[in-house]
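# Observations on the three-dimensional arrangement
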Amino acid sequence: MLSGEQLLKQAFSEVAAIKYEQVPECRHIFSLRYRIRKNKLLRSLERKSAPEPRAHTGRFRLKYLVLAIIMACVLVLTGGVIMFWADGFKGIVHSDHIRLYVSDIEGSPETIEKCCFLSVLPEGFTLEHYTTGYSMNFIVYRNNEGEDIFLIQYVKKEFDPYVNNVDVEFTETTVNGYKAIYAEHSKDGFTDSIIFWDSEDYVFEMSGSGSKEYIRELAEKNEMSGFIETE
Amino acid sequence: MLSIYLSMVETDEQRTFIEQLYKTYERKMYGAAFDILHNKHDAEDAVHSAFIRIIENIEKIMQIPADKQGYYIVIICRNISIDICRKKNNSEMPIENIDEIEDRISFDDVIDSRLTAKSIRKCIFSLRESDFEVLYLNLLCELPAADIAGILAIKPTTVSQRIYKAKKRLIKIIEEQKC
């Protein structure tokens, strides 16, 4: 025979299970901003190996002094702001992200005039979800294993995403002759990559699992064959 | 700030635990937050803040049985969402002048053969959500007031009084059900 307290606990457990089931589980596509913060939080949980002990030379190294002077001059000239420069792109570097801009916006549309969908997809991927707007379209493709490919189409004037730069290094490349930058990040055997390219009228961002060359080739195939366009 | 999180998570087991929580509960937490906030960005902020709170209390949460973790995490997310809502509406919490309350309430004398399991569940369903949550954490998860205070980011004395008042309200509902 259960005591009053035990009966109450049992009832609480049953009610909690019902209430938990009633909480909706939304098929929400988390924003880039959220994903950046989440990845940053998870990476901060990784244990860092202890740094190797440095030998005490007892002498101040001249080259570090020269480097410090050069850095100070650069900071003075740029007003204390560290800039990111690449062919076709520029950005402001912060401690854990870069705010990216495209260099040339002249003559580009003020709004999204035609929505661009991928015409070439890796095997198994289908259109999962998309949202359209005046200055940005956000499209998700997914396969049966839950892997995503994101395609974001930006109006050039409104292109200013915050891009994670912790353990990530952007390098210049091209997509079908268009200026581009890309980067990849690997952890625990998994690799994710992202690429931005300045197409004639819009800036595109594509990201997903795989190496940066894989993502670049996918972007190039779509530029060469042409996007599926809708108004 | 990041170094604080790093120091709180000491083992690979804890890190794996957090990653598993993301996989299992992230969307549910978003659903709970959006239900209150009705704003995607605020709901995402609430989920992110909830995971920070979880990391701050990771040792306590790992001791919670797996079948109770789900709603426990939903409670954290809901409370953070309510705080966000209050801040947005600029409504300030009243300063409570609360003394420590000794809680000697026992339900063994209150629950008798006149009550069926169904009627006890009905009484519990009648509780306010805030009462249910604090009793869930205290009675079912067997957390002391100090631990609950850390999870809900409120003072231990406030938690003690909430537990006491929630139990009193539940007893009143049960007595009414018996009549």
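First, a word on what this report is: a plain description of the structure on this page. (Residues numbered from 1 in each chain as written. Chains lettered and ligands numbered in written order. Predicted model: local features only at pLDDT ≥ 70, side-chain atom pairs only at ≥ 80, totals over all residues. Heavy atoms only, no water.)

### Here's the deal with the overall build of chain B
Helix and strand counts for chain B stand at nine helices and zero strands. Secondary structure elements in chain B, listed N-terminal to C-terminal, are α-α-α-α-α-α-α-α-α. Per-residue burial for chain B yields a buried fraction of 50% across its 179 residues. Relative to all contacts within chain B whose residues are 6 or more apart in sequence, the contacts with residues 24 or more apart total 76%. Only carbon and sulfur atoms are counted for the fraction: they give 48% of the accessible area of chain B, which is about 9,300 Å². (Helix = DSSP H or I, 4+ residues; strand = E, 2+ residues; numbered from the N terminus. Buried < 20%, exposed > 50% of the residue type's maximum accessible area, 1.4 Å probe, protein only. Contact = heavy atoms within 4.5 Å. Areas by Shrake-Rupley, 256 points an atom, 1.4 Å probe, with all protein chains shown as cover.)

### Details of the pairing of strand β2 (residues 89–93) of chain A
Residues and elements named next belong to chain A. In the sheet, strand β1 (residues 82–86) pairs with β2 via five bridges, with the strands oriented antiparallel. Bridge pairing in β2 places Met-83 opposite Ile-92. What sits between the antiparallel neighbours β1 and β2 is a turn of two residues, in which Gly-88 has the positive phi angle 95°. Strand direction decides the pairing type here: β2 and strand β3 (residues 97–102), joined by five bridges, are antiparallel. Bridged to Gly-91 within β3 is Leu-100. (Pairing = 2+ DSSP bridges.)

### Quick word on helix α1 (residues 4–22) of chain A
Taking 1.5 Å per residue as the helical rise, α1(A) with its 19 residues ought to reach 27 Å, and the 27 Å between its terminal C-alpha atoms agrees with that figure. When α1(A) is considered as a whole, its buried residues turn out to be A:Gly4, A:Leu8, A:Ala11, A:Phe12, A:Val15, A:Ala16, A:Lys19 and A:Tyr20. Considering only its buried residues, α1(A) is in contact with α2 (12–37), α5 (66–88), α6 (117–126), α7 (129–140) and α9 (156–178) of chain B. (Expected span 1.5 Å × (residues − 1).)

### Considering a nonpolar patch on the surface
Residues and elements named next belong to chain A. Where nonpolar side chains cluster on the molecular surface, the patch consists of Leu-62, Leu-65, Val-66, Ile-69 and Ile-70 and spans about 450 Å² of accessible area. Mapped onto the secondary structure, Leu-65 falls in helix α3 (residues 62–77). Given a relative accessible area of 37%, Leu-65 falls into the partly exposed group. (Patch = residues over 30% accessible without salt bridge, like charges linked within 9 Å, V, L, I, M, F, W, Y side chains within 5 Å. Salt bridge = Lys/Arg side-chain N within 4 Å of Asp/Glu carboxyl O.)

### Here we look at the sheet that holds strand β5 (residues 126–131) of chain A
Residues and elements named next belong to chain A. Taking strand neighbours across the sheet as the criterion, the seven strands line up as β5-β6-β7-β12-β11-β10-β9 in an open arrangement whose pairing is antiparallel. Either end of the sheet is taken by a strand with one partner, and the two such strands are β5 and β9 (171–175). This sheet shows a mean twist of 20° between the axes of neighbouring strands, independent of strand direction. In terms of strand pairing, strand β11 (residues 190–198) meets strand β12 (residues 202–209) through seven bridges, oriented antiparallel. Within β12, the residue paired with Ile-195 across the bridge is Met-206. Helix α2 (residues 32–44) rests against β6 (136–142), β7 (148–155), β10 (178–187) and β12 of the sheet, and its axis sits at about 130° to β7. (Axes fitted to C-alpha atoms, helices over the stretch in contact; angles between N-to-C directions.)

### Notes on the pattern of salt bridges
Under the criterion given, the structure shown has 19 salt bridges over all chains. Two residues, B:Arg121 and A:Glu14, come together in a salt bridge whose shortest N-O distance is 2.6 Å. Pair noted here: B:Arg121 is in helix α6 and A:Glu14 is in helix α1, and the two residues belong to different chains. With relative accessibility at 28%, the residue A:Glu14 sits in the partly exposed group.

### Thoughts on the interface of chain B and chain A
Listed as interface residues are 47 residues of chain B and, on the opposing side, 38 residues of chain A. Buried surface at the junction of chain B and chain A, summed over both partners, amounts to about 4,400 Å²; 67% is from carbon and sulfur atoms. Its largest share of buried area at the contact with chain A, chain B owes to B:Arg27, B:Lys28 and B:Glu44, together 17% of the area lost on that side. Remark: the boundary between chain B and chain A carries six salt bridges. One salt bridge connects A:Lys19 with B:Glu129, and the closest N-O pair in it is separated by 3.0 Å. Here chain B is connected to chain A by 13 residue pairs in polar contact (both at pLDDT 80 or more). (Buried area = accessible area lost by both parts, 1.4 Å probe. Polar contact = N/O pair within 3.5 Å; in protein donor to acceptor, adjacent residues only side chain to side chain.)

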